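Structural features, examined
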Amino acid sequence: MKKVLLIEDEKNMSRFIELELQYERFTVTVASEGNTGLQFALAEDWDIILLDIMLPGMDGLEICRRVRSFKYTPIIMLSARDSVSERVSGLDCGADDYLPKPFAIEELLARMRVVFRRQHALNSDRDEGLLPVVSFLDLVLDPNTRRVSRAGVTIELTKREYDLLAVFLSNANRVLDRETLLDKVWGYDVAVDTNVVDVYVRYLRRKIDNPGGSSYIQTLRGIGYVMRK
């Protein structure tokens, strides 16, 4: 039985999600306050964390950032805020998915299954031994340590930026449209607009490109992006 940590302060919503997940044979622990939720999140190993953004004590974005400093536990954000900027903020702090309220429990379960499949695939690759290091010119990504460097200098990336860069490096010289990038990084059924891809490409360029130099990630107007010299 998979262990779920639900951090949600709305009692009716929290109870509804808890009962539905228990019916689906999940073990559910509930925290209704931000600081308590963070303590729970760091104290145990969870299969997934369902995290509301607007919480008393500490908001969900800060909880997500702090959890990501120590763990890669899958996190799905739950929020009544549904603007592009809010979704970008949620994903940028390290969440695996962002589900706006109100939502059908079937959609939440489906998104959880997608996250579990990704996690299973990643764990299977790790079980087979060390993953190959990928590189493009002087840009190097080591999936075993999640270290990214350029010319030997470490580059700090958020989880989403790292995932996006990994896709580009694995598909160097191949043109990738926004829908493909959205599918590979965010998942095919995640309710995120394709312009979020543009936002994260800008984030990546600021971190991996040399000031004044040409970008490793080139824009093909009306098509998408390609990583090439």
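Structure shown above.
Given the structure is predicted, the values throughout are model-derived calculations rather than measurements.

**Overview of the pattern of salt bridges**
With the rule as written, the count across this model stands at 17 salt bridges. The shortest N-O distance in the salt bridge between arginine 68 and aspartate 96 comes to 3.0 Å. Here arginine 68 is found in helix α3 (residues 60-68), whereas its partner aspartate 96 is found in the loop between α4 (84-92) and β5 (97-100), with 28 residues between them in sequence. Comparing arginine 68 with aspartate 96 shows no difference in burial state: the two are buried. The salt bridge involving arginine 150 is made with aspartate 138; its shortest N-O contact spans 3.3 Å. Here arginine 150, found in strand β8 (residues 147-150), pairs with aspartate 138, found in the loop between β6 (134-136) and β7 (139-142); they are twelve residues apart in sequence, far enough to count as distant.

**Looking at the packing of helix α2 (residues 34-43) against α3**
Viewed as axis vectors pointing N to C, α2 and α3 meet at an angle of 20°, and their least axial separation amounts to 10 Å. Between α2 and α3, the angle is such that the two are roughly parallel. Where α2 crosses over α3, the handedness of that crossing is right-handed. When α2 is examined against α3, the residues Gly34, Leu38, Ala41 and Leu42 are found in contact with a partner set consisting of Ile63, Arg66 and Val67. A class-by-class count of the residues in the contact of α2 with α3 yields five nonpolar, one polar and one charged.

**Comments concerning helix α6 (residues 159-170)**
Along its twelve residues, α6 runs 17 Å from first to last C-alpha, staying within 8% of the 16 Å computed at 1.5 Å per residue. Among the twelve residues in α6, ten count as buried, and that is most of the element. Within α6, the full set of buried residues consists of Lys159, Arg160, Glu161, Tyr162, Asp163, Leu164, Leu165, Val167, Phe168 and Leu169.

**Remarks on the sheet that holds strand β11 (residues 217-220)**
Spatially, β10-β12-β11 is the arrangement adopted by the three strands of the open sheet, whose pairing is antiparallel. Each edge of the open sheet carries a strand with a single partner, namely β10 (176-177) and β11. As defined by bridge partners, β10 adjoins strand β12 (residues 224-227) across two bridges and the pair is classed as antiparallel. Opposite leucine 176, over in β12, you have tyrosine 225 as the bridge partner. Lying on the sheet, helix α8 (residues 195-208) is in contact with β11 and β12; it crosses β11 at an angle near 145°.

Rules and cut-offs
Residues numbered from 1 in each chain as written. Predicted model: local features only at pLDDT ≥ 70, side-chain atom pairs only at ≥ 80, totals over all residues. Heavy atoms only, no water. Salt bridge = Lys/Arg side-chain N within 4 Å of Asp/Glu carboxyl O. Helix = DSSP H or I, 4+ residues; strand = E, 2+ residues; numbered from the N terminus. Buried < 20%, exposed > 50% of the residue type's maximum accessible area, 1.4 Å probe, protein only. Axes fitted to C-alpha atoms, helices over the stretch in contact; angles between N-to-C directions. Parallel < 35°, antiparallel > 145°, perpendicular 65-115°, else oblique. Left-handed = near helix turned anticlockwise from the far one by under 90°. Contact = heavy atoms within 4.5 Å. Nonpolar A, V, L, I, M, F, W, Y, C, P; charged D, E, K, R; others polar. Expected span 1.5 Å × (residues − 1). Pairing = 2+ DSSP bridges.

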